[in-house]
Amino acid sequence: MSRPNLTTTLATRLVDLLRRSGFEEGAHVTEQWVADELDVSRTPVRKAMLFLAEVGILTREPNRGFFLARSAAALSRTDLDKGADVEQDAYFRIADDYVGGRFSGPFTAADVSRAYQLAPRQAERVLARMESEDLVRRRTGGRGWEFQHAFSTVEAHAQSYRFRMIIEPNALLEPDFTVDAGLFAQHRAQQEALLRGDILLLPRAELFQVNASFHEMLVGCSGNQFLLDAVRRQNRLRRLIEYRLQLDRSRLAGQAREHLRLLDLAEGGNIEEASAFLRNHLDKVRIIKTGS
């Protein structure tokens, strides 16, 4: 299973440093300054800066170094994954504990309040959000809560990808598949925004939604409601484990570029090639995330 790596962890810290720096767009950002400020060596700093250049937060000029591609004020949406928001932090801690097998069986809002240091109203809001996302449900009779069935093991997650490899590529081959120009333009803009920095700037939940809605859009263009319902159910079931895996964002730039390639192929009428490309895309992600 994927784990956060040093490059993305350091890149996230660097984005926060840049946000607090007050620098204007075009400011020179040196490796030595970053290394001194973050108290790390220059080798990992350089890797982190190259990653920020890949996702559009920095630009790299030969023989000159790195420069800020936008003002520090424009980096205000950074998600540090450290829980600056108490309820958001509790939400992901609950998800991590469930996926890690540390949270099981029925529970009450009071249990959540005590375990995650929340006020009663905060605990209720967190549970209401999880209920709206089909992650938890009220027990019969309204006494307490329980988790819905969700993918919480590597093997189940791998099986979900194998299922998607059957459904999604074949959806593109349905006789009624039609490119929706408006939806394609909307999702192209979202994927391009990821490559301009949103990979590091968006919260985990929004990153998941951008990815999930992209795949739902493609399948929805098939005109087959049964296939779309199957993909939507998969997205609901895998939400928790996906939130956990998205701590490592280094792979997301490549996935965004592949999504753009899929749009190009479908819009160009190369549907069979797009179908094969989508299957390989899902298989590649499955191996990265599950190792199987």
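Residues numbered from 1 in each chain as written. Predicted model: local features only at pLDDT ≥ 70, side-chain atom pairs only at ≥ 80, totals over all residues. Heavy atoms only, no water.

Undergrad: I would appreciate a short explanation of empty space enclosed by the protein in the present structure.
TA: Rolled over the atoms, a probe with the dimensions of a water molecule shows which regions are left empty. Under the definition given, this model contains two cavities of 30 Å³ or more. In this structure, the largest cavity encloses a volume near 100 Å³. Elements supplying a minimum of two residues to the lining of the largest cavity: helix H8 (181-201), helix H9 (204-220) and helix H11 (252-267). The element that contributes the greatest number of residues to the lining of the largest cavity is H11, accounting for four residues. (1 Å grid on protein atoms, 1.4 Å probe; cavity = no way out; pocket = protein on both sides within 12 Å on 5 of 7 lines; lining within 4 Å. Points joined across faces, edges and corners; volume = space filled by probe spheres on them. Helix = DSSP H or I, 4+ residues; strand = E, 2+ residues; numbered from the N terminus.)

Undergrad: So what exactly am I meant to see when it comes to the sheet that holds strand S1 (residues 28-29) here?
TA: Sheet strands associate in pairs through backbone hydrogen bonding, adopting either a parallel or an antiparallel arrangement. What the three strands build is an open sheet, ordered S1-S3-S2; its pairing is antiparallel. Every interior strand has two partners, whereas the edge strands, S1 and strand S2 (58-61), have only one. Here helix H3 (residues 42-54) sits on the sheet and contacts S1, S2 and strand S3 (65-68); the angle it forms with S2, its principal contact strand, is near 105 degrees. (Pairing = 2+ DSSP bridges. Contact = heavy atoms within 4.5 Å. Axes fitted to C-alpha atoms, helices over the stretch in contact; angles between N-to-C directions.)

Undergrad: Explain the packing of aromatic side chains to me, please; I cannot follow it from the model alone.
TA: Between two aromatic rings, the relevant description is the distance of the centres plus the angle of the planes. Applying the stated criterion across every chain, the model contains seven aromatic pairs. Arranged with centres 5.2 Å apart and planes meeting at 85 degrees, the rings of Tyr 91 and Phe 92 form a pair that is edge-to-face. Its relative accessible area of 0% is what places Tyr 91 among the buried residues. You can call Phe 92 buried: its relative accessible area is 5%. (Phe/Tyr/Trp six-rings, centres within 6.5 Å; stacked < 30°, edge-to-face > 60°. Buried < 20%, exposed > 50% of the residue type's maximum accessible area, 1.4 Å probe, protein only.)

Undergrad: How should helix H2 (residues 31-38) be read in this particular structure?
TA: Quick reminder: α-helices carry 3.6 residues per turn. Residues three or four places apart thus point the same way. When we look at burial in H2, the residues that qualify are Glu 31, Val 34, Ala 35 and Leu 38. Viewed along the axis of H2, the buried residues span an arc of 100 degrees, placing them on a single side of the element. Packing partners of the buried residues in H2 comprise helix H1 (6-21), S1, H3 and S3. Asp 39 lies just past H2 and shows a positive phi near 60 degrees. (Arc of directions from axis to C-beta.)

Undergrad: How do you make sense of the pattern of salt bridges when you look at a structure like this?
TA: Side-chain pairing between opposite charges can occur once the charged atoms of the two side chains come close. Under the criterion given, the structure shown has 19 salt bridges. Among the ionic pairs, Arg 20 bridges to Asp 16, the shortest N-O distance being 3.2 Å. Of the two residues, Arg 20 and Asp 16 both sit in helix H1, four residues apart, roughly one turn of that helix. Residue Arg 20 is classed as exposed on the basis of its relative accessible area, which comes to 54%. You can call Asp 16 buried: its relative accessible area is 12%. A salt bridge links Glu 258 to Lys 284; the shortest N-O distance between them is 2.4 Å. With Glu 258 in helix H11 and Lys 284 in helix H12 (residues 271-290), the pair connects residues that are 26 residues apart, well separated along the chain. Overall, Glu 258 belongs to the buried group, its relative accessible area being 15%. (Salt bridge = Lys/Arg side-chain N within 4 Å of Asp/Glu carboxyl O.)

So yeah, pure geometry; function would need other evidence.
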